Amino acid sequence: MKSSRIIRRRFFRELWLGLVIVWPAISGLLVLMPLVGLLVAKLEGWPLSDGLYFSFVTGLTVGYGDLVPKSGLARVLAMSLGLGGIVLTGLVVAVAVEALHAALNSEDRE
């Protein structure tokens with residue numbers, strides 16, 4: 001069995017290659033989510049910094065509950081932030097799992 005150092009190196013190489021492939025989707029979500037957060041802030045009368053904070057807390061599906069939208073449209077946008085965060089997290093995890101799978105399988109072939 002090869003050393004864990006070689007597997008780790010292969011993993012990071014495969015992870016980088018996978019992230020390059022899905023980067024358009026990831027970057028789109030990373031741009032869209034703060035814009036939606038700013039829109040929620042405008043609808044709710046919050047400062048823009050609170051809108052950015054809200055977008056990332058909601059997008060990472062933490063949702064502390066310290067900022068809660070009241071209007072119907074803002075709530076729908078908050079749900080879209082949560083779903084976007086799930087998609088973003090799922091993409092990164094899927095790429096990482098595939099990178100680990102490729103690193104371990106390439107180790108068996110050598």
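Our structure's up above, just so we're on the same page.
Residues numbered from 1 in each chain as written. Predicted model: local features only at pLDDT ≥ 70, side-chain atom pairs only at ≥ 80, totals over all residues. Heavy atoms only, no water.

Draft legend 1. Representation of the packing of helix 1 (residues 4-44) against helix 2 (residues 48-59). For the pair helix 1 and helix 2, interaxial distance at closest approach is 7 Å and the crossing angle is 130 degrees. When the interaxial angle is binned, helix 1 and helix 2 end up oblique. Read as a crossing pair, helix 1 and helix 2 show a hand that is right-handed. Residue-level inspection shows M33, P34, G37, L38, V40 and A41 of helix 1 in contact with helix 2, the latter providing L48, G51, L52, F54, S55, F56 and G59. (Axes fitted to C-alpha atoms, helices over the stretch in contact; angles between N-to-C directions. Helix = DSSP H or I, 4+ residues; strand = E, 2+ residues; numbered from the N terminus. Parallel < 35°, antiparallel > 145°, perpendicular 65-115°, else oblique. Left-handed = near helix turned anticlockwise from the far one by under 90°. Contact = heavy atoms within 4.5 Å.)

Draft legend 2. Region of interest: helix 1. Along its 41 residues, helix 1 runs just 51 Å from first to last C-alpha, ending more than 12% under the 60 Å computed at 1.5 Å per residue. Of the residues trailing helix 1, G45 is marked for its positive phi of about 75 degrees. (Expected span 1.5 Å × (residues − 1).)

Draft legend 3. Broad picture of a nonpolar patch on the surface. A contiguous nonpolar surface patch, about 800 Å² in accessible area, is contributed by W23, L30, L52, Y53, F56, L60, V62 and Y64. Of all the secondary structure elements, the ones that give two or more residues to the nonpolar patch are helix 1 and helix 2. Of all the elements, helix 2 adds the most residues to the nonpolar patch, at three residues. With respect to the helices, strands and loops of the structure, Y53 is situated in helix 2. (Patch = residues over 30% accessible without salt bridge, like charges linked within 9 Å, V, L, I, M, F, W, Y side chains within 5 Å. Areas by Shrake-Rupley, 256 points an atom, 1.4 Å probe, with all protein chains shown as cover. Salt bridge = Lys/Arg side-chain N within 4 Å of Asp/Glu carboxyl O.)

Draft legend 4. Spatial organisation of the environment of E98. Residue position: E98 is located in helix 3 (residues 72-109). The partly exposed category is assigned to E98, whose relative accessible area is 49%. Residues E98 and Y53, 45 residues apart in the sequence, show an inter-C-alpha distance of 31 Å. (Buried < 20%, exposed > 50% of the residue type's maximum accessible area, 1.4 Å probe, protein only.)

Draft legend 5. Layout of the nonpolar core. In this structure, V40, W46 and F54 are the most contacted members of the largest nonpolar core, which totals 21 residues. When residues of this core are traced back to their parent elements, those giving at least two are helix 1 and helix 3. Counting residues per element, this core draws most heavily on helix 1, at 10 residues. Ignoring any residue separated from it by four or fewer positions in sequence, one finds F54 in contact with V40, W46, G59, L67, P69, A78 and L81. (Core = buried A, V, L, I, M, F, W, Y, C linked by side-chain atoms within 4.5 Å.)

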